[in-house]
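One-letter residues, chain by chain:
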Amino acid sequence: MDLRYSRSDERFRAEVRAWLADAVPSLPPKPGPHDWDARRRYDTTWQKMLHEAGYAGINWPAEFGGRGASPTEHLIFLEENERAGAPYVGVNFVGLLHAGPTLIAEGTAEQKARHLPKILSGDEVWCQGFSEPGAGSDLAALQTRAVRDGDHYVVNGQKIWTSFAHVADFGELLVRTDPSAPKHKGISWLILPMDTPGIEVRPLRTIAGSSEFSEVFFTDVRIPVENLVGKENDGWRVAMVTFSFERGTAFVSELLHSMKLVESLAELARKIPRNGGTVWDDAGVRRELGHMAAELDGLWHLTKRTITEAERTGVPGIGGSVFKLAYSEVRHKLGDLAMRILGTDALSTEDGTTAADHVRGWIHAMSISIAAGTTQIQRNILSERVLGMPKEPK
Ligand SMILES: Cc1cc2nc3c(=O)[nH]c(=O)nc-3n(C[C@H](O)[C@H](O)[C@H](O)COP(=O)(O)OP(=O)(O)OC[C@H]3O[C@@H](n4cnc5c(N)ncnc54)[C@H](O)[C@@H]3O)c2cc1C
């Protein structure tokens, strides 16, 4: 891996920067957080613009309609997006960041041809139906049942915490196809068309006021057998492929955004009055901000390594779990530091203020250490798979 930028990388950066400078201001105003039709329209409009300009699926192989960019170009693209304040994947995140890549790695030729072009063009929005009320960390305990009936599976059960289910066209669905097998061996991964009769989506509201999650209920939902990804009862292995993408690269933009937040915090610290001067006069605060910047920089380099590895093997490795764990912890520390720097300013969460961004970021940090496998689960994975420690008792 060569971490320096070549002349052609810099040319690519200039090209992306110039395109973003025109494209970002041409977007309509960002819709309100609860106007879901408008949010879907806004995010998919941006995706279409990327697609028309040849930037959709920047890191997807060219044979599947992506740009086939090198790992370095991929990172430059993300850096420039963040720099330009461009929207990130939004409602398209499952499709672009892990359902599409899972289909590339595991799907049949028909599944790839059917879904990949539409994910890239913003015509298909996906969600992830993995978690259940009794199966989050212990995902293999899932109970949603699929019974084969001719050339269909008939699905009954319930999913929860399904982000963007209410605006999705398709879902990644994990179901139990063999209840008599050991729990990891009786699971299958299905492509779920969200308009199939028998699906009921019930939106949830979180403590932070957001409304992107839903519960999804299934009553005799008939899914064609051709929607099986991988083999029947081999869904756990396919789900691990999905997770490797979800943990491996899906948080990269988050990281870039956090780097920006550290800069904005340093600026705020110089302005907020405290003890007759400003917060910046406190050497402890300056040291903490420096540490934070260094930790995020370290994670940026780990990201480069993970992305390079993914390019070589087609699937990100265990580095994704290392990143996810370390990033969640840094993000918590950054949120706590922001609260200390803001002091009473943190009481204002009025939209549009810098303080509000930090307060929302602090609340958001709590969800990062839960989403895509909790911090404790990442520790279990790393101790078992990297350090070779004994497995958890069943
Ligand atoms: C922002 C966000 C988006 C999400 N989006 C989706 C989505 O789109 N689709 C989807 O399917 N799910 C989604 N989820 C759900 C997420 O995958 C689960 O919340 C997560 O896996 C944890 O499961 P749980 O909530 O049931 O917690 P539990 O599994 O009940 O865990 C509770 C606590 O116990 C700890 N714990 C559990 N087991 C162990 C163990 N073996 N060792 C040590 N500690 C343990 C956990 O770390 C946690 O602290 C999302 C969650 C969040 C926060």
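In short, a report on the structure. Owing to the predicted nature of the structure, the values given are computational and were not obtained by experimental measurement.

## Topic: empty space enclosed by the protein
Evaluation of the coordinates by the stated rule reveals 1 cavity of 30 Å³ or more. If you add up the space inside the largest cavity, you get close to 40 Å³. In terms of lining, the largest cavity is formed by Cys 127, Gly 129, Thr 162, Gly 171, Glu 172, Leu 173, Leu 192, Met 194, Val 216 and Phe 218. Among the secondary structure elements, those contributing two or more residues to the lining of the largest cavity are strand S1 (126–129), strand S4 (170–176) and strand S7 (214–224). By residue number, the principal contributor to the lining of the largest cavity is S4, which donates 3 residues. Its residues assigned to classes, the lining of the largest cavity comprises 6 nonpolar, 3 polar and 1 charged.

## Considering the packing of helix H9 (residues 319–342) against helix H11 (residues 375–385)
Running from amino to carboxyl end, H9 crosses H11 at an angle of 145°, the nearest separation of the two axes being 9 Å. In the packing of H9 onto H11, the handedness of the crossing is left-handed. Residues Ser 321, Val 322, Lys 324, Leu 325, Ser 328 and Glu 329 of H9 pack against Thr 375, Gln 378, Arg 379, Ile 381 and Leu 382 of H11. Each residue belonging to the contact of H9 with H11 can be placed in one class, and the counts come to 4 nonpolar, 4 polar and 3 charged.

## Considerations on the site of the ligand
Around the ligand, the structure places 17 residues, and the nearest of them are Gln 128, Ser 131, Ser 137, Thr 374 and Gln 376. At a separation of 2.7 Å, a nitrogen atom of the ligand approaches a polar backbone atom of Gln 128. Note that an oxygen atom of the ligand is positioned 2.7 Å from one of the backbone N or O atoms of Ser 131. Isolated, the ligand exposes 980 Å² of accessible area, and the fraction of that covered by the protein chains is 66%. With 3 residues, the top contributor of residues to the shell around the ligand is H11. Within the shell around the ligand, the residues separate by chemical class into 6 nonpolar, 10 polar and 1 charged.

## Let's talk about the nonpolar core
Core analysis: the biggest nonpolar cluster contains 52 residues, and Trp 46, Phe 77, Leu 289, Ile 341 and Leu 342 have the highest contact counts within it. Taken together, the elements giving at least two residues each to this core come down to helix H1 (7–23), helix H2 (36–52), helix H3 (71–84), helix H7 (252–271), helix H8 (283–313), H9 and helix H10 (354–368). Apart from the residues within four sequence positions on either side, Leu 342 is in contact with Leu 268, Ile 272, Arg 274, Ala 355, His 358 and Val 359. Judged by nonpolar contacts, the second largest core, of 30 residues, contains Leu 97, Leu 103, Ala 140 and Ala 141.

## Here's the deal with the environment of Lys 324
Looking at where Lys 324 falls in the secondary structure, it is placed in helix H9. For Lys 324, a relative accessible area of 1% translates into the label buried. As for Lys 324 and Gln 378, which are separated by 54 residues in sequence, their C-alpha atoms are 7.6 Å apart. Discounting chain neighbours no more than four positions away, the residues touching Lys 324 are Phe 251, Ile 368, Ser 369, Ala 371, Ala 372, Gly 373 and Gln 378.

## Examining the packing of H9 against H10
Close contact between H9 and H10 brings their axes to 9 Å; oriented N to C, the two are set at 145°. In terms of crossing hand, the pair formed by H9 and H10 is left-handed. Residues Lys 324, Tyr 327, Ser 328, Arg 331, His 332, Gly 335, Asp 336, Ala 338, Met 339 and Leu 342 of H9 form the contact with H10, whose own contacting residues are Ala 355, His 358, Val 359, Gly 361, Trp 362, Ala 365, Met 366 and Ile 368. Per-class residue counts for the contact of H9 with H10 are 10 nonpolar, 5 polar and 3 charged.

## Observations concerning the pairing of S4
Along S4, 7 of the 7 residues are buried, which leaves the element largely enclosed by surrounding structure. Burial along S4 is two-sided: Phe 170, Glu 172, Leu 174 and Arg 176 facing one way and Gly 171, Leu 173 and Val 175 facing the other are all buried. In this sheet, S4 lies alongside S1 in parallel orientation, the contact comprising 4 bridges. In the sheet register, Gly 129 faces S4, and the bridge partner there is Leu 173.

Definitions and cut-offs
- Residues numbered from 1 in each chain as written.
- Predicted model: local features only at pLDDT ≥ 70, side-chain atom pairs only at ≥ 80, totals over all residues.
- Heavy atoms only, no water.
- 1 Å grid on protein atoms, 1.4 Å probe; cavity = no way out; pocket = protein on both sides within 12 Å on 5 of 7 lines; lining within 4 Å.
- Points joined across faces, edges and corners; volume = space filled by probe spheres on them.
- Helix = DSSP H or I, 4+ residues; strand = E, 2+ residues; numbered from the N terminus.
- Nonpolar A, V, L, I, M, F, W, Y, C, P; charged D, E, K, R; others polar.
- Axes fitted to C-alpha atoms, helices over the stretch in contact; angles between N-to-C directions.
- Left-handed = near helix turned anticlockwise from the far one by under 90°.
- Contact = heavy atoms within 4.5 Å.
- Near = heavy atom within 4 Å.
- Polar contact = N/O pair within 3.5 Å; in protein donor to acceptor, adjacent residues only side chain to side chain.
- Areas by Shrake-Rupley, 256 points an atom, 1.4 Å probe, with all protein chains shown as cover.
- Core = buried A, V, L, I, M, F, W, Y, C linked by side-chain atoms within 4.5 Å.
- Buried < 20%, exposed > 50% of the residue type's maximum accessible area, 1.4 Å probe, protein only.
- Pairing = 2+ DSSP bridges.

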